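Here's the letter readout for the chains.
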Amino acid sequence: MGKETGFLELDREDRSYEDPQERIKNYKEFAIPLPAEKLKNQASRCMNCGIPYCHNGCPVNNMIPDWNHLVYEDDWREALDNLHSTNNFPEFTGRVCPAPCEAACTLNIVDQPVTIKSIECAIADRGWKEGWIVPRPALTKTGKRVAVVGSGPAGLACAQQLARAGHSVTVFEKSDRLGGLLRYGIPDFKMEKHLINRRAVQMEAEGVTFRTSTEVGVDISIKSLKENFDAIVLAGGAEDPRGLNIPGAELPGVRLAMEFLTQQNKRNAGDSEERAAPRGTLTATGKDVIVIGGGDTGSDCVGTSNRQGAKSVTQIEIMPKPPEKENKALTWPNWPMKLRTSSSHEEGAERDWAVLTKEVVGEDGKVTGLRCVRIEWVGGQMQEIEGSEFVLPADLILLAMGFVGPVKAGMLDQSGVKLTERGNVDANTLDYRTSDDMIFACGDMRRGQSLIVWAIREGRQAARAVDEALMGVTELPR
Ligand SMILES: Cc1cc2nc3c(=O)[nH]c(=O)nc-3n(C[C@H](O)[C@H](O)[C@H](O)COP(=O)(O)OP(=O)(O)OC[C@H]3O[C@@H](n4cnc5c(N)ncnc54)[C@H](O)[C@@H]3O)c2cc1C
Ligand code: SF4
């Protein structure tokens, strides 16, 4: 523990953001990091609790009090090594993790959690700046070959761990660039993509081969992978979007959030409009935009629409408005259900809750509005409130209602692996093995739509399971 009285003397102080009206003029990251001295002070607030509840919240088991202490001691290099021992990509989670660790922190009982996420991010960013993050190739090779399908955080973490254990790893990715939803879902203003590129360079130097624009099940068969590799890891995400099943939903102004977000991410990467939007440009510029769905994806659509110059942005959600503040006695140290206002919401959007969509209204084949009705939830059942119908003007309706699970056509159908009742790939979290002995699964493809930090955890654990299956023993951490 750095300073016994740190938490008594100092209040929580976190990163600030650029002014909303300025930052929406571009797609760049806008968090303003705390200077090192302030971070040191913030780290000193950690109480090194006898039971560190922050651990409880962290899916990758980050040793949070240890690196808080090291930052306080100004030993950033040791802090980085410690952080990397549990998390391959702390600069990703340091930017886009919702930080369940902070919700679980003992100091959150008084709404003053340690700024764990900002400290994590600063350690990783400093590591890159100082040149401390270098390739760590395996000293000996095992002669085993592993195919990893999907280059999202699960696939990348898995591939890096396996390569470091000495296996020859090839990552197959159907998109033209690596990163999965980190690349084409999450906008640049939340996480710039050069962060993925430099990790890819590190991994290539560690012996990982990347094959982009290669869809397993289409461009290369599972049979061929089985013939050429000793094990296969499916880390293809949960990409099947939940659709809108109401009259008018087939109109061309009703579009999937991922199509919208991917196009903008490709433009930001410098792609031509033809490459970014092969099936036609989709923008919010000058439009009344309605985003259906209140989660991360919806929030990213809000931020992107504002940057594109939407006339208005409205986000609606079927669930009731959560409480502004949680009842700590009931929720802590668990993740509380409460109203979350993202940086994108702060940039401007109307938000409405307990709203059910009834019909997309159109004229001459174009979307003009969305007819909705207010609902109340009684005993878990949804009931429409009589006479509460209303129509929101709309030119563009973005569907951000989550994902039902992995896409079945192609790879999964071909592999024949057993699925769970919910349609995810069936594998447990001990051996990550599917119904086919040679095939493993991790990340959203196994657990359903989740978080980056869970994907990294599963990628790491699946790598351990594969290593053990191939070698009989493993030294990779769980
Ligand atoms: C818009 C959006 C914003 C989000 N924001 C956040 C956030 O802020 N914080 C957070 O923690 N989580 C966020 N999430 C969730 C998070 O991105 C996912 O949980 C995480 O990326 C899952 O990682 P994954 O590696 O399992 O899958 P993915 O990231 O989905 O990667 C799967 C990869 O597999 C590839 N693939 C699939 N099938 C094949 C095939 N047959 N052959 C070759 N390649 C294939 C795909 O192209 C993709 O690149 C967000 C999700 C979305 C949609
Ligand atoms: S729960 Fe909070 S105060 Fe306690 S060890 Fe973890 S970060 Fe430090």
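What counts, and where the lines are drawn
Residues numbered from 1 in each chain as written. Chains lettered and ligands numbered in written order. Predicted model: local features only at pLDDT ≥ 70, side-chain atom pairs only at ≥ 80, totals over all residues. Heavy atoms only, no water. Patch = residues over 30% accessible without salt bridge, like charges linked within 9 Å, V, L, I, M, F, W, Y side chains within 5 Å. Areas by Shrake-Rupley, 256 points an atom, 1.4 Å probe, with all protein chains shown as cover. Salt bridge = Lys/Arg side-chain N within 4 Å of Asp/Glu carboxyl O. Lys, Arg positive; Asp, Glu negative; His and termini not counted. Charge placed at Lys NZ, Arg CZ, Asp CG, Glu CD. Helix = DSSP H or I, 4+ residues; strand = E, 2+ residues; numbered from the N terminus. Buried < 20%, exposed > 50% of the residue type's maximum accessible area, 1.4 Å probe, protein only. Domains from an automatic or database assignment. Buried area = accessible area lost by both parts, 1.4 Å probe. Polar contact = N/O pair within 3.5 Å; in protein donor to acceptor, adjacent residues only side chain to side chain. Nonpolar A, V, L, I, M, F, W, Y, C, P; charged D, E, K, R; others polar. Contact = heavy atoms within 4.5 Å. Phe/Tyr/Trp six-rings, centres within 6.5 Å; stacked < 30°, edge-to-face > 60°. Pairing = 2+ DSSP bridges. Axes fitted to C-alpha atoms, helices over the stretch in contact; angles between N-to-C directions. Near = heavy atom within 4 Å. 1 Å grid on protein atoms, 1.4 Å probe; cavity = no way out; pocket = protein on both sides within 12 Å on 5 of 7 lines; lining within 4 Å. Points joined across faces, edges and corners; volume = space filled by probe spheres on them.

Colleague: Now, about a negative patch on the surface: what can you tell me, with residues and values included?
Modeller: Residues Glu 37, Glu 73, Asp 74, Asp 75, Glu 78 and Asp 81 make up a contiguous surface patch of negative charge. In this structure, Asp 75 sits in the loop between helix H5 (64-72) and helix H6 (76-84). Assessed through its relative accessible area of 32%, Asp 75 is described here as partly exposed.

Colleague: So what about the domain arrangement of the protein chain? Which residues, and what values?
Modeller: Domain boundaries in the protein chain define domain 1 (6-130), domain 2 (145-239 + 405-471) and domain 3 (243-401). Domain 1 and domain 3 are separated by 31 Å when their C-alpha centres are compared. A combined buried area of about 1,500 Å² lies between domain 1 and domain 3, and 58% of that area is made up of carbon and sulfur atoms. Where domain 1 touches domain 3, the interface holds four salt bridges. Measuring nitrogen to oxygen at the nearest pair gives 2.8 Å for the salt bridge that ties Lys 325 to Asp 111. On the surface where domain 1 and domain 3 come into contact, there are eight residue pairs in polar contact (both at pLDDT 80 or more). For the side of domain 1 that touches domain 3, the secondary-structure elements that each account for two or more residues are helix H2 (20-23), helix H4 (53-57) and helix H8 (100-104). For the side of domain 1 that touches domain 3, a count of residues per class yields 13 nonpolar, five polar and two charged.

Colleague: Describe H5, listing the residues and the values that go with them.
Modeller: Buried within H5 we find Ile 64, Pro 65, Trp 67, Asn 68, Leu 70 and Val 71. Where H5 is buried, its residues contact helix H3 (36-43), H4, H6, H8 and helix H9 (116-130). Trailing H5 by a residue or two, Asp 74 shows a phi angle of about 70 degrees, which is positive.

Colleague: With reference to specific residues and values, describe the packing of aromatic side chains.
Modeller: Tallying each qualifying case throughout the model produces five aromatic pairs. Arranged with centres 5.2 Å apart and planes meeting at 90 degrees, the rings of Tyr 17 and Phe 30 form a pair that is edge-to-face. You can see Tyr 17 sitting in strand S1 (residues 16-17) and its partner Phe 30 sitting in the loop between H2 and strand S2 (31-32), a full 13 residues away along the chain. Residue Tyr 17 is classed as partly exposed on the basis of its relative accessible area, which comes to 44%. Taking relative accessible area as the criterion, Phe 30 reaches 4% and is therefore assigned buried.

Colleague: How would you explain the sheet that holds strand S11 (residues 350-352) if you had to name every residue and give the values?
Modeller: Two strands in a sheet stick together by hydrogen bonds in their backbones, pointing the same way (parallel) or opposite ways (antiparallel). Here five strands make up an open sheet; going across it, the order is S8-S16-S9-S10-S11 and the pairing parallel. Looking along the sheet, the strands with just one partner apiece sit at the ends: strand S8 (254-256) and S11. Going from strand to strand, the sheet's axes swing by 20 degrees on average, the running direction of each strand aside. Those strands touched by helix H14 (residues 257-268) are S8 and strand S16 (396-399), and its axis lies near 70 degrees from that of S8. Against the sheet, helix H16 (residues 296-308) contacts strand S9 (288-292), strand S10 (312-316) and S16, and its axis sits at roughly 175 degrees relative to S10.

Colleague: With reference to specific residues and values, describe the pattern of salt bridges.
Modeller: Under the defined criterion, the tally for this structure stands at 39 salt bridges. A salt bridge links Arg 307 to Glu 347; the nearest nitrogen and oxygen atoms lie 2.7 Å apart. Taken as a pair, Arg 307 in helix H16 and Glu 347 in the loop between helix H18 (343-346) and S11 lie far apart in primary sequence, 40 residues in all. With a relative accessible area of 9%, Arg 307 lands in the buried category. Judged by relative accessible area, Glu 347 falls into the buried class, the value being 5%. For Glu 326, the salt bridge is made with Lys 328, and the minimal N-O distance between the two is 3.4 Å. Each of the two residues, Glu 326 as well as Lys 328, counts as buried.

Colleague: Residues and numbers for the site of ligand 1, please.
Modeller: Close to ligand 1 lie 36 residues, the nearest being Val 96, Glu 173, Lys 190, Val 216 and Asp 444. Between ligand 1 and Val 96, the relevant distance is 2.7 Å, taken from a nitrogen atom to a main-chain nitrogen or oxygen of the residue. Here a nitrogen atom of ligand 1 and a backbone polar atom of Lys 174 are 3.1 Å apart. The fraction of the free accessible surface of ligand 1 (1,000 Å²) that becomes covered by protein chains is 97%. Sorting the residues of the shell around ligand 1 by element identifies helix H10 (153-164), H16 and helix H21 (452-471) as the ones contributing at least two each. Per-element tally for the shell around ligand 1: the top contributor is H16, with three residues. Along the lines of polarity and charge, the residues of the shell around ligand 1 split into 16 nonpolar, twelve polar and eight charged. A domain split of the shell around ligand 1 shows at least three residues from each of domain 2 (145-239 + 405-471) and domain 3 (243-401).

Colleague: Account for the layout of surface pockets, with residues named and values stated.
Modeller: Size it by volume and the second largest pocket reaches roughly 490 Å³. Together, 23 residues line the second largest pocket, and Arg 136, Gln 161, Arg 164, Leu 476 and Pro 477 are the ones closest to its centre. Only H6, H10, helix H12 (194-205) and H21 provide two or more residues apiece to the lining of the second largest pocket. With four residues, H6 is the single largest residue contributor to the lining of the second largest pocket. Split into classes, the residues belonging to the lining of the second largest pocket amount to nine nonpolar, six polar and eight charged. Among the domains, domain 1 (6-130) and domain 2 (145-239 + 405-471) are the pair contributing at least three residues each to the lining of the second largest pocket.

Colleague: Can you explain the environment of Met 411? Please cite residues and give values.
Modeller: Assignment of secondary structure puts Met 411 in helix H19 (residues 411-415). Sequence spacing of Met 411 and Asp 219 is 192 residues, and the spatial spacing of their C-alpha atoms is 10 Å. What Met 411 contacts, discounting residues up to four positions off in sequence, is Val 149, Val 216, Gly 217, Ile 222, Leu 234 and Met 445.

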